[in-house]
Amino acid sequence: MAEHLASIFGTEKDRVNCPFYFKIGACRHGDRCSRLHNRPTISPTLLLSNMYQRPDMITPGVDAQGQPIDPRKIQEHFEDFYEDIFEELSKFGEIESLNICDNLADHMVGNVYVQFKEEDQAAAALRALQGRFYSGRPIIVDFSPVTDFREATCRQFEENSCNRGGYCNFMHVKQIGRDLRRKLFGRYRRSIRSRSRSRSTSPFHRREYREPDTRERDSRGRRSGDKHVRYDDGGRRRHRSPRRSRSPVREGSEERRARIEQWNREREEKHV
């Protein structure tokens, strides 16, 4: 029985726990839901509810005065918000992902999900954000059960084929531009690469180091002994023999047979 309950936990077959809250950390029924919302006491993911206020909040593509908005202005407004939030939240630790919903339903509109690398980083951010305001509105923040956004996002939306539009119950994650993503998340990749280089014992990552060279230079500025030194693709030094010491050219099969017959004749003559 215990194994069966564990296997159906958070799925549609679970009649006790809400599957939508388990997958996306939000439910359209809210506190009136007939199933339980198990709120985590600790998690690497935070939910900042309804934080992003899009300029076309009432009608998509139209401002509050009923005038059409240039889609580029909407994207610019969103990326300004995204960068502002990222810079503030990154003060508490490394951000694994920052997702902002493009949904229109009340329980998902403007939701901001931030997943930190460590749970204690998320806990520090939670403590710091409580009681604060953004653009004159209070920040509503809590731990979220979402740890795998692949289960929370709408696959049809990613394929531009979701027929539920903004009122879909799965995340429609609004995307930022490639340049902004590289700027924000690239700092972690550069940091990881620099740490791995400093820890690596591979000779390919230590080409900057050179043994002190006390050899004298000749009239051309070359160090003695450098005539036959070169570098391969890995940067490792290797020596090669002077040209005159190379192996002789290999003989052909007829030449080898003639030489063997000559040796045999010479051997027979010695025994005669």
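Since the model is a prediction, treat every value here as computed from it, not as a measurement.

**Brief notes about the sheet that holds strand β1 (residues 45-48)**
Within a sheet, adjacent strands bond to each other through the backbone by hydrogen bonds, running parallel or antiparallel.
Step number 1: Across the sheet, which stays open at both edges, the four strands sit in the order β2-β3-β1-β6 with antiparallel pairing between neighbours. At either end of the open sheet lies a strand with only one pairing partner, and these are β2 (95-100) and β6 (141-143). The sheet shows a mean angle of 20° between the axes of neighbouring strands, taken without regard to direction.
Step number 2: When β1 meets β6, the two strands line up antiparallel, connected through three bridges. Its bridge partner lying in β6, leucine 46 is registered against phenylalanine 143.
Step number 3: In the packing of helix α3 (residues 71-89) onto the sheet, contacts are made with β2 and β3 (112-116), and the angle to β2 comes to roughly 145°.
Step number 4: On top of the sheet, helix α4 (residues 119-129) reaches β1, β3 and β6; it is set at about 155° to β6, its chief contact.

**Let's talk about a negative patch on the surface**
Step number 1: Taken together, the side chains of Glu96, Glu118, Glu119 and Asp120 present a region of like negative charge at the surface.
Step number 2: Tracing the chain through its elements places glutamate 119 in helix α4.
Step number 3: We classify glutamate 119 as partly exposed; its relative accessible area is 39%.

**Here we look at the UniProt feature "zinc finger region: C3H1-type" (unreviewed entry) in the chain**
Step number 1: Within this structure's numbering, the places UniProt gives as "zinc finger region: C3H1-type" (unreviewed entry) are residues 12-40 and 148-175.
Step number 2: The span residues 148-175 is 29% helix and 0% strand, and its two end C-alpha atoms sit 17 Å from each other.

Rules used throughout
Residues numbered from 1 in each chain as written. Predicted model: local features only at pLDDT ≥ 70, side-chain atom pairs only at ≥ 80, totals over all residues. Heavy atoms only, no water. Pairing = 2+ DSSP bridges. Helix = DSSP H or I, 4+ residues; strand = E, 2+ residues; numbered from the N terminus. Axes fitted to C-alpha atoms, helices over the stretch in contact; angles between N-to-C directions. Contact = heavy atoms within 4.5 Å. Patch = residues over 30% accessible without salt bridge, like charges linked within 9 Å, V, L, I, M, F, W, Y side chains within 5 Å. Areas by Shrake-Rupley, 256 points an atom, 1.4 Å probe, with all protein chains shown as cover. Salt bridge = Lys/Arg side-chain N within 4 Å of Asp/Glu carboxyl O. Lys, Arg positive; Asp, Glu negative; His and termini not counted. Charge placed at Lys NZ, Arg CZ, Asp CG, Glu CD. Buried < 20%, exposed > 50% of the residue type's maximum accessible area, 1.4 Å probe, protein only. UniProt positions renumbered as here; feature names shortened; annotations may be inferred.

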